[in-house]
Amino acid sequence: MIQDLLTFLDHSPSRFHAVANLCGELEAAGYTRLNEGETRPMAPGGKYYVTRGSSALLAFRIPRPDFTGFMISASHSDAPTFRIKENAEVEGPEGYLRLNAERYGGMLCAPWLDRPLTVAGRVLVRDGSEAIASRLVYVDRDLLLIPNVAIHMNRTANEGFQYDPKCDMVPLMGMKLAKGTFREIVAQAAGCGAGDILGTDLCLCLRQKGVIWGAENQFISAARLDDLQCAWGCFRGFMEARDSASVPVYALMDNEEIGSRTKQGAGGTFMIDWMKRICDSVGRERLSAIANSFLVSADNAHAVHPNHPEYADPTHRPAMNGGVVIKHGVRYTTGGVACAVFSALCERAGVPTQHFANRSDLPGGGTLGLIANTHVSINAVDIGLAQLAMHSCFETAGVKDTDYLIQAMTAFYSASFREENERFTLE
């Protein structure tokens, strides 16, 4: 299964590619695509999926009209990177041709330097006289590089350095003779003319493929493990689960790295819109269905660092290959009920669990679950898989943990949750 994850990562250089790849699997498995702009009947026994903005995905099955509630997982499709600005080419200095890019999310800058890079994402092109079509783009060549400054000129580089994104993190594409070629290169990758491109959503991506390594091949390193490792594991659990009395919902949201407050992010209405539609389509009363629902917010967690163990909390120290991590803290959605329910489910599935909390003076960021719960109030747990170098362009995690997540999510999606008089039941 780990090789399948590597293949998925290698074929998902942008959030648009990740969603398209999962949609392809859903189509092959007989799921019906829905369109938010259309009213289409949904029926018990049906399997459906819908996208928003080409970068967020919901997939679900309706087992019966009197379903108990919703069993939902949510992960995110985006990762920290550099967004290519619309007027991309920057001429000079000294005859160089660079690309104008801005930081997207809170990345580690240093790992991006001196690596072969390219661009990926989507373009919006003319499709006939009136329509505009979205096309995926991946420029399959070593196109760009962000060069370091030599140690001879920056003598304090190893003593701490503050990167200026408008200066130090600008990718080099060529010399002045290449002026005007970037849009042509993108158009060729999109299979259209440069003049047909009306808009772009492009970002930098690494050319290096993911690898398995270590004395016992126990580690995986790749781009975008945060959060496509969780996205992949939850999807596999969703696809492999047996039907239960609840509606299984797989959610892959966008823009988590910049706060989720977009129409395709967890701060939008994508999830609650479709929960309402599902209830209305089969005549299920909404409030009781939502009350008997459960959300797993799946986003990777920090493993104890081998060179800096002092950054970890003294009593919450997750290890790679140690099992699924349950995340606790004031910026996570996990409460006692959610922790107990998910722990019991993992115990049932034979999956080891461990617990994470930030060191008290090093608070973490908010999560999908915390933000989504502002729109739909359900019991929710934050989980993840332990990893190193989060928000680097090349991250590291444990080989075994992906399988642990798949086992846990298969059990989750095969169950139903019910709350009644302070009693919480997994059926």
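In the block above lies the structure referred to throughout.
Note that the structure is a prediction, hence the values are computed from the model and not measured. In every chain, residue numbers begin from 1 and rise along the written sequence. Per-residue local features are limited, in this predicted model, to residues with pLDDT of at least 70; the limit for side-chain atom pairs, both in listing and counting, is 80 or more; totals at the level of whole chains, interfaces and linings are taken over all residues. Values shown for side chains rest on all heavy atoms present in the structure; no hydrogens or waters enter the calculation.

## What about the overall build of the chain?
- Secondary structure is summarised from DSSP: a helix means a run of H or I of at least four residues, a strand means a run of E of at least two, and numbering begins at the N terminus for each. Counting its secondary structure elements, the chain contains nine helices and 22 strands.
- Radius of gyration here is computed from C-alpha atoms only, and the compact-globule reference equals 2.2 Å multiplied by the residue count raised to the power 0.38. Its C-alpha radius of gyration of 22 Å places the chain within 12% of the 22 Å reference for a compact globule of 427 residues.
- The dimensions of the chain, computed from C-alpha atoms along their principal axes, are 70 × 60 × 35 Å.
- The cut-offs for exposure are 20% and 50% of the maximum accessible area for each residue type, with area from a 1.4 Å probe on protein chains only; residues under the lower value are buried, those over the upper are exposed, and the others partly exposed. The buried share among the 427 residues of the chain stands at 54%.
- Contacts were defined at the residue level, with two residues in contact if any of their heavy atoms lie within 4.5 Å. In the chain, 77% of the contacts between residues at least 6 apart in sequence involve partners at least 24 apart.

## Let's talk about the nonpolar core
- Working definition of a nonpolar core: buried Ala, Val, Leu, Ile, Met, Phe, Trp, Tyr and Cys residues. They are joined through side-chain atoms within 4.5 Å. Formed by 55 residues in total, the largest nonpolar core has its most connected members in L57, Y250, F294 and F342.
- Apart from the residues lying within four places of it in its own chain, the contact partners of Y250 are L22, L57, L58, A59, S73, S75, A231, C234, F235, F238 and Y413.
- Grouped together as the second largest cluster of nonpolar side chains are 35 residues, A101, V137, A178 and F182 included.

## Examining helix α5 (residues 270–282)
- One fewer than the residue count of a helix, multiplied by 1.5 Å, yields its expected span. Helix length check: α5, at 13 residues, gives a terminal C-alpha distance of 19 Å against a target of 18 Å (1.5 Å per residue), a fit within 8%.
- Along α5, the residues that are buried comprise F270, M271, I272, W274, M275, I278, C279 and V282.
- Tucked inside the fold, the buried residues of α5 contact β2 (47–52), β3 (56–61), β4 (70–76), β13 (247–253), α6 (286–291) and α8 (368–372).
- Downstream of α5 by a residue or two, G283 has a phi angle that is positive, lying close to 75 degrees.

## Quick notes on the state of the cysteines
- Count a disulfide wherever a pair of cysteine sulfur atoms falls within 2.5 Å. Counted by the stated rule, this structure contains zero disulfides.
- With no disulfide partner, C339 has as its closest neighbouring cysteine sulfur the one in C346, 9.8 Å distant.

## Things to note about the side chain of S14
- Of note, S14 is situated in the loop between α1 (2–10) and α2 (15–28).
- Setting aside its immediate chain neighbours within four residues, S14 contacts A120, G121 and C203.

## What to know about the packing of α1 against helix α4 (residues 225–240)
- The contact between α1 and α4 brings their axes to 10 Å, and the two run at 125 degrees. Between α1 and α4, the angle falls in the class oblique. Handedness of the crossing formed by α1 with α4: right-handed. Side by side, α1 and α4 meet where D4, L5, F8 and L9 of the first sit next to L225, L228, Q229 and W232 of the second.
- By residue class, the composition of the contact of α1 with α4 is six nonpolar, one polar and one charged. To get an axis, fit a line to the C-alpha atoms, keeping to the stretch in contact for a helix; angles then go from 0 to 180 degrees between the N-to-C directions. Reported orientations rely on four angle classes, namely roughly parallel under 35 degrees, roughly antiparallel over 145, roughly perpendicular from 65 to 115, and oblique for the rest. Note on convention: the crossing is left-handed when the near helix lies turned anticlockwise from the far helix by less than a right angle, right-handed when the turn is clockwise. Side-chain classes follow a simple rule in which Ala, Val, Leu, Ile, Met, Phe, Trp, Tyr, Cys and Pro form the nonpolar group, Asp, Glu, Lys and Arg form the charged group, and the remainder, Gly included, forms the polar group.

## A short note on helix α3 (residues 182–190)
- Residues of α3 that are buried include every one of F182, I185, V186, A187 and A190, and no others.
- Count one or two residues on from α3 and you reach G191, which has phi positive near 70 degrees.

## Examining the pattern of salt bridges
- Basic side-chain nitrogens of Lys or Arg form a salt bridge, by our definition, when they fall within 4 Å of a carboxyl oxygen of Asp or Glu. All chains considered together, the criterion is met by 17 salt bridges.
- The salt bridge partner of D243 is R61, with a shortest N-O separation of 3.6 Å. Of this pair, D243 sits in the loop between α4 and β13 while R61 sits in strand β3; the two residues are 182 residues apart in sequence, bridging distant segments of the chain.
- Look at R61 and you get buried, because its relative accessible area is 7%.

## So, the environment of G237
- Here G237 lies in helix α4.
- Apart from residues no more than four positions distant in its own chain, G237 is found in contact with I406, M409, T410 and Y413.

## Concerning the pairing of strand β16 (residues 324–328)
- Across the five residues that make up β16, a large majority, four, are buried.
- Alignment of β16 against strand β17 (residues 353–357), held across five bridges, turns out to be parallel. Counterpart to I326 in the pairing with β17 is H355.
- Taken together, β16, helix α7 (residues 336–349) and β17 form a β-α-β motif whose crossover is right-handed.
- Strands are labelled as partners when DSSP assigns at least two bridges between them. In this structure, β16 lies alongside strand β18 (residues 379–384), joined through three bridges in antiparallel fashion. Across the sheet, I326 pairs through a bridge with I383, a residue of β18. Here the term right-handed applies to a crossover when the path leading from its first strand over the helix to its second strand runs clockwise, the strands being oriented away from the viewer.

## Here we look at unusual backbone geometry
- P93 follows G92 through a cis peptide bond whose omega is 5 degrees.
- With respect to the helices, strands and loops of the structure, P93 is situated in the loop between β5 (81–91) and β6 (96–104).
- Here the amide bond leading from D226 into D227 is cis, since omega sits at 20 degrees, within 30 degrees of zero.
- Position of D227 among the secondary structure elements: in helix α4.
- Despite not being glycine, N217 has its phi angle at roughly 50 degrees, a positive value.
- Phi at R224 is positive, roughly 65 degrees, even though this residue is not glycine.
- Summarising the element assignment, R224 is placed in the loop between β12 (219–222) and α4.

## Considerations on the sheet that holds β2
- Ordered by their spatial adjacency, nine strands build an open sheet running β1-β2-β3-β13-β4-β14-β18-β16-β17, and the pairing between neighbours is mixed. Strands with a single pairing partner mark the edges of an open sheet, and in this sheet they are β1 (32–33) and β17.
- Contacting β1, β2, β3 and β13, α2 crosses the sheet at an angle of about 20 degrees to β3.

Distances and angles like these do not, on their own, reveal function.
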